[in-house]
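Chain by chain, the residues:
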Amino acid sequence: MKAMSLFTALLGAMTCACGAPVTNLEIADFEAKAADPAVFLVDVRTPEEYAEGHLRGAANIDWNAPDFLEQAQAVCPKETPVAVYCRTGRRSGEASKKLSQAGYAVCNLVGGIEGWQAAGKPVTKYAVETFFTDSGLPVRITLIKHGTLEIVYKGLSLHIDPVSGLGIPTDYATEFPKADVILVTHEHGDHFDRVALEALGANGNNLVTNARVAEMLGWGAVMANGDSRELPGDIHLDAVPAYNYSEGRTNFHPKGRDNGFILTLDGLRIYVAGDTEDIPEMADIKDIDVAFLPVNQPYTMTGDQCVHAAEVLQPKVLIPYHFSNTDLSGLPSRLPGITVLLRQMQ
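For clarity, every value in this text was computed on a predicted model and none was experimentally measured.

Draft legend 1. Main features of the state of the cysteines. Going through the model one piece at a time under the given rule, you end up with zero disulfides. No disulfide involves Cys-86; its sulfur sits 13 Å from the nearest other cysteine sulfur, which is in Cys-107. Look at Cys-86 and you get buried, because its relative accessible area is 1%.

Structure follows, in structure tokens:
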């Protein structure tokens, strides 16, 4: 035991030339660090390994990628502390050194995810994209499925259109903490699910939705198109129109009933469009950092409409979602200047 303690102490004191010290942490201390809402949590294994299971809230940047450091620097401000792990600790140790030499404050999980799981700690399979506010605070967006997202910011959990079915069963009671805020865009079954709402602890104080869902539930804070409100964590929320205008489609999502949402978190603006076509009101939406646009005709947009909407909005990042069987493979090449992330959001 003394030899192991000495070895761990030496690891914890390891430093890198031209960089801040790398702190090597055992599981309990790393768990606390990873839970810190100010920390950027990174899984440096391959995408295939990441997909098999990873720590909740972890982004994936493959250490084996030739541009590993460039990828990290492109998304993470230097002032943001970073926590990294891999399978056993070898790759994350090397990644920690590289990040440290680049000026990041880094901690590394001793024993990697193998040790984490051996200790009975949970993993998840939901992909995460992490973005940063003007102050360098991480905003972790968990891509659950279809139109369902979780946004974690300042330790707060905000869910959008949580559903428990849709081909990827989601047990919210065991997979996610109780929600601080829940947004429901409209009443269709792939957006409004009473089982999921109950599991997340939805109530009249933390659920924000349209008039129809509030009527069906008998409670909930109502927002109409054009309304704004302040949410916990200094999050500003705007409700914007979401509807069909094409002939033969207007019955799916009639004008004035459903919402899209824009969240502003310390300067970071996220647009979750809900079920909509490329409506004229999108021309009034400005300065979007991350846009989620639906692409499953005839209910929402065609591929061409998605391209048009993105050209109007000009988000920095576009994540198509709610796309069912729509082929999106050609989308990135049609939108030069916009980062298009194709993820499993059928």
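Draft legend 2. Quick look at the environment of Leu-335. Relative to the elements of secondary structure, Leu-335 occurs in the loop between helix H11 (331-334) and strand E19 (339-340). Leaving out residues up to four positions away in the same chain, Leu-335 has contacts with Val-307, Ala-310, Glu-311, Leu-318 and Val-340.

Draft legend 3. The arrangement of helix H10 (residues 303-313) in detail. For H10, the complete set of buried residues consists of Gln-305, Cys-306, Val-307, Ala-309, Ala-310 and Leu-313. Those residues of H10 that are buried are in contact with strand E16 (268-272), strand E17 (290-294), strand E18 (317-321) and H11. Gln-314 sits one or two residues past H10 and shows a positive phi near 50°.

Draft legend 4. How the structure looks around the sheet that holds strand E15 (residues 258-265). Pairing is mixed in the open sheet, where seven strands are placed in the order E13-E14-E15-E16-E17-E18-E19. Of all the strands in the sheet, just strand E13 (228-231) and E19 have a single pairing partner and so form its edges. Sheet analysis places E18 next to E19, joined by two bridges and oriented parallel. Counted as the bridge partner of Leu-318 is Val-340 from E19. Where H10 meets the sheet, its contacts fall on E16, E17 and E18, and the angle it forms with E17 comes to roughly 155°.

Draft legend 5. Main features of the sheet that holds strand E9 (residues 156-160). Pairing is mixed across the open sheet formed by seven strands, whose spatial order is E6-E7-E8-E9-E10-E11-E12. Of all the strands in the sheet, the pair left with one neighbour each is strand E6 (127-132) and strand E12 (221-222).

Draft legend 6. Layout of the layout of surface pockets. The computed volume of the largest pocket comes to approximately 1100 Å³. If you trace the largest pocket, you find 40 residues lining it, with Val-128, Glu-129, Thr-130, Leu-341 and Arg-343 closest to the centre. Sorting the residues of the lining of the largest pocket by element identifies helix H3 (47-52), strand E3 (59-60), helix H4 (68-75), E6 and strand E7 (138-145) as the ones contributing at least two each. By residue class, the composition of the lining of the largest pocket is 24 nonpolar, eight polar and eight charged.

Draft legend 7. Expanded view of the nonpolar core. If you look at the biggest cluster of nonpolar residues, it comprises 56 residues, and the most contacted ones within it are Leu-263, Ile-270, Tyr-271, Phe-292 and Leu-293. When near neighbours in sequence (up to four residues on either side) are disregarded, Leu-293 contacts Tyr-271, Ala-273, Met-301, Cys-306, Ala-309, Ala-310, Leu-313, Leu-318, Ile-319, Pro-320 and Tyr-321. Membership of the second largest hydrophobic core comes to 18 residues, among which are Val-44, Ala-72, Cys-76 and Ala-95.

Draft legend 8. Layout of the packing of aromatic side chains. Inspection of every chain in the model, using the stated rule, returns six aromatic pairs. Where Phe-40 meets Phe-132, the ring centres are 5.2 Å apart and the plane angle is 85°; that geometry is what we call edge-to-face. In this pair, Phe-40 sits in strand E2 (residues 40-43) while Phe-132 sits in strand E6, placing the two residues 92 residues apart along the sequence. Classification of Phe-40 by relative accessible area gives buried; the value is 3%. By relative accessible area, which is 12% here, Phe-132 ends up buried. These aromatic residues form a ring-pair network of at least three members: Tyr-126, Tyr-172 and Phe-176.

Draft legend 9. Here's a closer look at the pattern of salt bridges. Under the counting rule described, the total for this entry stands at 15 salt bridges. Several salt bridges converge on common partners, so that one network encompasses Glu-187, Arg-257 and Asp-258.

Draft legend 10. Molecular detail of the side chain of Asp-275. Mapped onto the elements, Asp-275 comes out in the loop between E16 and E17. Despite its burial, Asp-275 pairs with no opposite charge; the closest candidate is Arg-257, at 7.2 Å N-O. Side chain to side chain, Asp-275 and His-186 meet in a polar contact 3.3 Å long. Within the structure, Asp-275 has its side chain in polar contact with the side chain of His-191 (distance 3.1 Å). Contact partners of Asp-275, with chain neighbours within four places excluded, come to His-186, His-188, His-191, Ala-242, Tyr-243, His-253, Pro-294, Thr-300 and His-322.

Draft legend 11. Representation of the environment of Phe-252. Along the chain, the position of Phe-252 falls in the loop between strand E14 (235-242) and E15. Taking the C-alpha atoms as reference, Phe-252 lies 27 Å from Val-181; in sequence the two are 71 residues apart. Not counting residues within four places of it along the chain, the set of residues in contact with Phe-252 comprises His-188, Asn-244, Arg-257, Pro-298 and Tyr-299.

Draft legend 12. Structural view of the environment of Asp-67. Along the polypeptide, Asp-67 turns up in the loop between E3 and H4. For Asp-67, a relative accessible area of 34% corresponds to the partly exposed category. The spacing of Asp-67 and Val-39 is 28 residues in sequence and 22 Å in space, taken between C-alpha atoms.

What counts and how
- Residues numbered from 1 in each chain as written.
- Predicted model: local features only at pLDDT ≥ 70, side-chain atom pairs only at ≥ 80, totals over all residues.
- Heavy atoms only, no water.
- Disulfide = S-S within 2.5 Å.
- Buried < 20%, exposed > 50% of the residue type's maximum accessible area, 1.4 Å probe, protein only.
- Helix = DSSP H or I, 4+ residues; strand = E, 2+ residues; numbered from the N terminus.
- Contact = heavy atoms within 4.5 Å.
- Pairing = 2+ DSSP bridges.
- Axes fitted to C-alpha atoms, helices over the stretch in contact; angles between N-to-C directions.
- 1 Å grid on protein atoms, 1.4 Å probe; cavity = no way out; pocket = protein on both sides within 12 Å on 5 of 7 lines; lining within 4 Å.
- Points joined across faces, edges and corners; volume = space filled by probe spheres on them.
- Nonpolar A, V, L, I, M, F, W, Y, C, P; charged D, E, K, R; others polar.
- Core = buried A, V, L, I, M, F, W, Y, C linked by side-chain atoms within 4.5 Å.
- Phe/Tyr/Trp six-rings, centres within 6.5 Å; stacked < 30°, edge-to-face > 60°.
- Salt bridge = Lys/Arg side-chain N within 4 Å of Asp/Glu carboxyl O.
- Lys, Arg positive; Asp, Glu negative; His and termini not counted.
- Polar contact = N/O pair within 3.5 Å; in protein donor to acceptor, adjacent residues only side chain to side chain.

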